[in-house]
Each structure stands twice: as C-alpha cells, then as structure tokens.
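# Residue-level structural notes
The lines below spell out each chain.
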Amino acid sequence: MKIAINFRLKQGPWGGGNRFAASLVGALGARGDIVHHTLDCPDLDLILLLDPRWRHPSVTFTAGAILRYLLFRNSRAMVIHRINECDERKNTRRMNEQLRRANYCADHTVFVGSWLKQLNLWQNDAHSRSNLITNGADATVFNSRGWQAWREGRPLKLVTHHWGGNWMKGFDIYLRLDSMMAEPEWRNRIEFTYIGNLPRGFVFRNARHVAPLDGEALAGELRSHHAYVTASINEPGGNHQNEGALCGLPLLYRRSGCLPEYCTGFGVSFDEDDFAVQLQQLIDSYDQFVAVMPSYPHTSERMCSGYLSLFDQMMTDREQILSSRRLLRSPLLVLQNMVF
C-alpha cells in the first residue's frame, strides 16, 4: 500500500499531532507499507489529511492539492480526513470553516472523540462514511516502570503538560492550583508542575514550570509525580492525558470536551466550581485508582491498529467507494479549496 500523509515529522517536542504522525508512520513502515509526505507519487492508494492549514510548518499539502491530484493525476486514490481540531478548543473563529471546507475531498472521515463528532459543525453531514478512533500514546515510552505511587504524609505531586500555551488549555485551574499551594489548607499537602509553553506574560508564583519535553525525557518527568491533572476546555481529543495515565498517574480531569470519554474510570472529574472538593476526592480514593491504571486502554498500538484496519477495509471496498464519489458535486467548494 502506498499512502501519502500531509504532515512532515519534526524532532523534539512538537505536540500531539507530531506524536500521532510518528506512531502511524512507524506502524505503516513496520508492515511494509510505503509512506510519502507529498503528492509526487503518481499511483498512491490512500491520502491521509491530518491538518488543512497550509501555513502550519509541518503541513506538506492541502485539500486543494488533493483535489487537483484526484482530478488530473490519479482518480483511484482514496482520501481519509482525520478530525482533531475545532474552534471551540481555543476560542478561534476560522478552524471549523477550514475543516468543513477541506472535508469536501474526503471519502472517509475519522473523528478522535465522540464529543468532537457531535458538534453542530458535523450534523446533517452528507458523508455517511465516518468512524471514531481515539488517540493513544506510545506505551513503550510512556509506562509506569520505576514509578512510585503517593503515600499519605507526603505532598501529592500533581503534573500536567501542554505544547500550546493557549489560556483554554486550563490555566484558570492551573492558576488556582498555584494559589492553593500557598493557602494554609493546602500548603505542604500538594505540589504542582506545569510542563510546556505558557500564555504570554503568565508567571507561576508557587508552581514549578518546566520547558516543553518529549519522549523519554517527558515520560521520566511525568513519572516523578503522583497524579495527573488536565483542565483543558473543549479538548477535541488530546494525548496529554494518555501519556500521564500510561505512566501510572491517576487522573484529575475536567468535565469538558473529550476528557470524560478518555478518562472515566481512571480518576476523578471536576468542574470549575468544585475543583478543590474533587481534588480531595482524588486524595481519598487514590489507591483504588492506582490499582486500575495498568488497564488504561488508550495506547498508540490500539490506535494504529484502528487506522490500519480502516485502511485495509477501504482497499477492500475501493470500487464501491470510487463509484459513489462525486468530486464535482459542488464546483464552488472545489474552487474554494483550490484558492484557499
């Protein structure tokens, strides 16, 4: 199988999209598939669109280029669009429009979370071919080997990590944690480390800040803590909670976006107004969650298996898929994709 992925891998800490692409490229290569990152190959079988933003430093081609390839070079290639973003995530205004427009070229759509698929953006969609494949982290890197659980009488060490420094990553709660560390009720009971980029001008007073990390360095830092907190708002399908959980850390997660889907059963959920109460609940039930963390399911092996199965099924159904395709059903959208 020959597949083109519109994302060129970067070395070092480049966020969840880069880690996803690296995992999938590795899985494809391991079974002998040929991976391209451009549309130069004249006989591609599949094209995977991971990101529609032509200005993104890792994006190598766009939906418009895919349409040109299908119309003028190879009409037998099939297109999968992975949806891992939305405007609701960072309070932006144009991402949903870009995603919807780019999705025009797709024969099949993969959503990384049920919450994301249920957004109004995707309701009444003309595309009937879609499925859900949740994200997963590399368990050969992110695992609990050498990790030590919290014991009562010591401060509970909380940690989170995000590549992006957008406020909606949960900084309202991270700021509250920073303040709680100085309050009499919580002083000497909790510690908090933030790994990653911060909003411009943001400074922690009590919490520890670590620059972005990746791979073994990130896993080692996570394993030096006792529990993982994620306060991300409208997270479409993050990988950060997966990496923390696979390192053995029970989860304290916001009831927002995809997080309940990924985290339920492996920690305690919270809203903005009950965070301190739920933090105490995590402390009280800590040992029971430690016991179930080894069964956390969101691994890259499971995730990649889902994509490989989808690719194989599409190859089996190729003639049916191509016979139902109507690339010129909306000339205006074709033109918009070409222009934008």
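Below is a summary of the structure that appears in this document. The numbers attached to residues start from 1 for each chain and follow its sequence in the written order. The model is predicted, so local features are restricted to residues of pLDDT at least 70 and side-chain atom pairs to those at 80 or more, both for listing and for counting; the totals for chains, interfaces and linings are taken over all residues. Excluded from the side-chain calculations are hydrogens and water; all other atoms, namely the structure's heavy atoms, are used.

On to the overall build of the chain. Regarding its fold elements, the chain presents 14 helices and 12 strands. A compact globule built from 340 residues would reach a C-alpha radius of gyration of about 20 Å, and the chain, at 21 Å, matches this within 12%. Dimensions of the chain along its principal axes, counting C-alpha atoms only, are 70 × 40 × 35 Å. Relative to its full complement of 340 residues, the chain shows a buried share of 54%. Contacts are residue-level and defined by heavy atoms, with any inter-residue pair within 4.5 Å sufficient. A fraction of 72% describes how many contacts in the chain between residues 6 or more apart in sequence connect residues 24 or more apart. As presented, the chain carries roughly 15,100 Å² of accessible surface, and 49% of it is formed by carbon and sulfur atoms. Put simply, DSSP H or I for four residues or longer makes a helix, DSSP E for two residues or longer makes a strand, and each gets a number counted from the N terminus. Our radius of gyration looks at C-alpha atoms and nothing else; its globule reference is 2.2 Å times the residue count to the power 0.38. Burial classes: relative accessible area under 20% of the type maximum marks a residue as buried, over 50% as exposed, and values in between as partly exposed (1.4 Å probe, protein chains only). Each accessible area is a Shrake-Rupley result for a 1.4 Å probe, and residues are judged covered by the shown protein chains and nothing else.

Next up on the list: a nonpolar patch on the surface. Like charges are joined within 9 Å and nonpolar side chains (Val, Leu, Ile, Met, Phe, Trp, Tyr) within 5 Å, but only among residues with over 30% relative accessible area and no salt bridge; these make up the patches. We define a salt bridge as a side-chain nitrogen of Lys or Arg found within 4 Å of a carboxyl oxygen belonging to Asp or Glu. A contiguous nonpolar patch, built from Leu71, Phe72 and Leu328 and spanning about 330 Å² of accessible area, is present on the exposed surface. By secondary structure assignment, the location of Phe72 is in helix H2 (residues 63-72).

Stacked, edge-to-face and tilted are the three classes for Phe, Tyr and Trp ring pairs, Trp counted by its six-membered ring, which pair at centre distances within 6.5 Å; planes under 30 degrees apart are stacked, over 60 edge-to-face, the rest tilted. Counted according to the given criterion, the structure contains 16 aromatic pairs. Taken together, a centroid distance of 5.1 Å and an interplanar angle of 80° make the contact between Phe266 and Tyr296 edge-to-face. Within this pair, whereas Phe266 is found in the loop between helix H9 (259-263) and strand S12 (267-270), its partner Tyr296 is found in the loop between helix H11 (286-292) and helix H12 (300-316), the two being separated by 30 residues in sequence. A network of ring pairs unites the aromatic residues Trp167, Phe171, Tyr174, Phe192, Tyr194, Phe202 and Phe204 as a single cluster.

Under the criterion given, the structure shown has 17 salt bridges. Across the salt bridge formed by Arg76 and Glu319, the nearest N and O atoms sit 2.6 Å from each other. Placement of the pair is Arg76 in the loop between H2 and strand S4 (78-83) and Glu319 in helix H13 (residues 318-324), with a sequence separation of 243 residues. With its nearest N and O atoms 2.6 Å apart, the salt bridge here joins Arg255 to Asp271. With a gap of 16 residues between them, Arg255 in the loop between strand S11 (251-254) and H9 and Asp271 in the loop between S12 and helix H10 (275-284) connect regions that are remote in the sequence. Through salt bridges that share partners, Glu85, Arg89, Lys169 and Glu235 make up one connected network.

With that settled, consider the sheet that holds S4. Hydrogen bonds along the backbone pair up the strands of a sheet, which may run parallel or antiparallel. In this scheme, strands are said to pair when DSSP sees at least two bridges between them. Strand order in the open sheet formed by 6 strands is S2-S1-S3-S4-S5-S6, and the pairing between neighbours is parallel. In this open sheet, the two edge strands, each paired with only one partner strand, are strand S2 (34-36) and strand S6 (130-132). Ignoring which end each strand starts from, the neighbouring axes of this sheet average 20° apart. When strand S3 (residues 46-49) meets S4, the two strands line up parallel, connected through 4 bridges. From the neighbouring strand, Ile47 faces S4, where its bridge partner is Val79. Axis definition: a line fit to C-alpha positions, over the contact stretch in the case of helices; interaxial angles, taken between N-to-C directions, run 0 to 180 degrees. Packed on one face of the sheet, H2 meets S3 and S4 and runs near 165° to S3.

Consecutive side chains along a regular strand alternate between the two faces of the sheet. Judged from the 3 bridges that link them, strand S1 (residues 2-5) and S2 form a sheet pairing that is parallel. Across the sheet, the residue bridging to Ala4 is His36, located in S2. Sheet analysis places S1 next to S3, joined by 3 bridges and oriented parallel. Along S3, the bridge assignment pairs Ile5 with Leu48.

Bringing the sheet that holds S11 into the picture now. The parallel open sheet is built from 6 strands, whose spatial order is S9-S8-S7-S10-S11-S12. Each end of this open sheet is capped by a strand with a single partner; those strands are strand S9 (208-210) and S12. Going across the sheet, the axis of each strand differs from the next one's by a mean of 25°, ignoring polarity. Along the sheet face, helix H6 (residues 171-180) touches strand S7 (156-162), strand S8 (190-196), strand S10 (227-230), S11 and S12 and points at about 140° away from the line of S8. Helix H7 (residues 215-222) rests against S7, S8, S9 and S10 of the sheet, and its axis sits at about 170° to S8.

So, about the packing of H2 against helix H14 (residues 331-339). Put simply, H2 and H14 touch, their axes get as near as 7 Å, and they point 120° apart. By the angle class used here, H2 and H14 are oblique. You can see that H2 and H14 cross each other, and the crossing is left-handed. Judged by residue contacts, Ala63, Gly64, Leu67, Arg68 and Leu71 of H2 engage Val334, Asn337 and Met338 from H14. The labels follow the angle: roughly parallel below 35 degrees, roughly antiparallel above 145, roughly perpendicular from 65 to 115, and oblique for the rest. The crossing is said to be left-handed when, going from far helix to near helix, the turn is anticlockwise and less than a right angle, and right-handed when the turn is clockwise.

Before going further, it helps to spend a moment on H10. Those residues of H10 that fall on the buried side of the exposure criterion are Phe275, Gln278, Leu279, Leu282 and Ile283. Each buried residue of H10 lies within a common arc of 155° when the element is viewed along its axis, so the set occupies one face. Opposite the buried face of H10, by more than 90 degrees, sit the exposed residues Val277 and Asp284. Note: the arc covers the axis-to-C-beta directions of the helix.

Glancing now at the packing of H6 against H10. Where H6 meets H10, the closest approach of the two axes is 12 Å, and the angle between their N-to-C directions is 70°. When the interaxial angle is binned, H6 and H10 end up roughly perpendicular. Across the interface between the two elements, Ile173, Arg176, Leu177 and Met180 of H6 pack against Phe275, Ala276 and Leu279 of H10.

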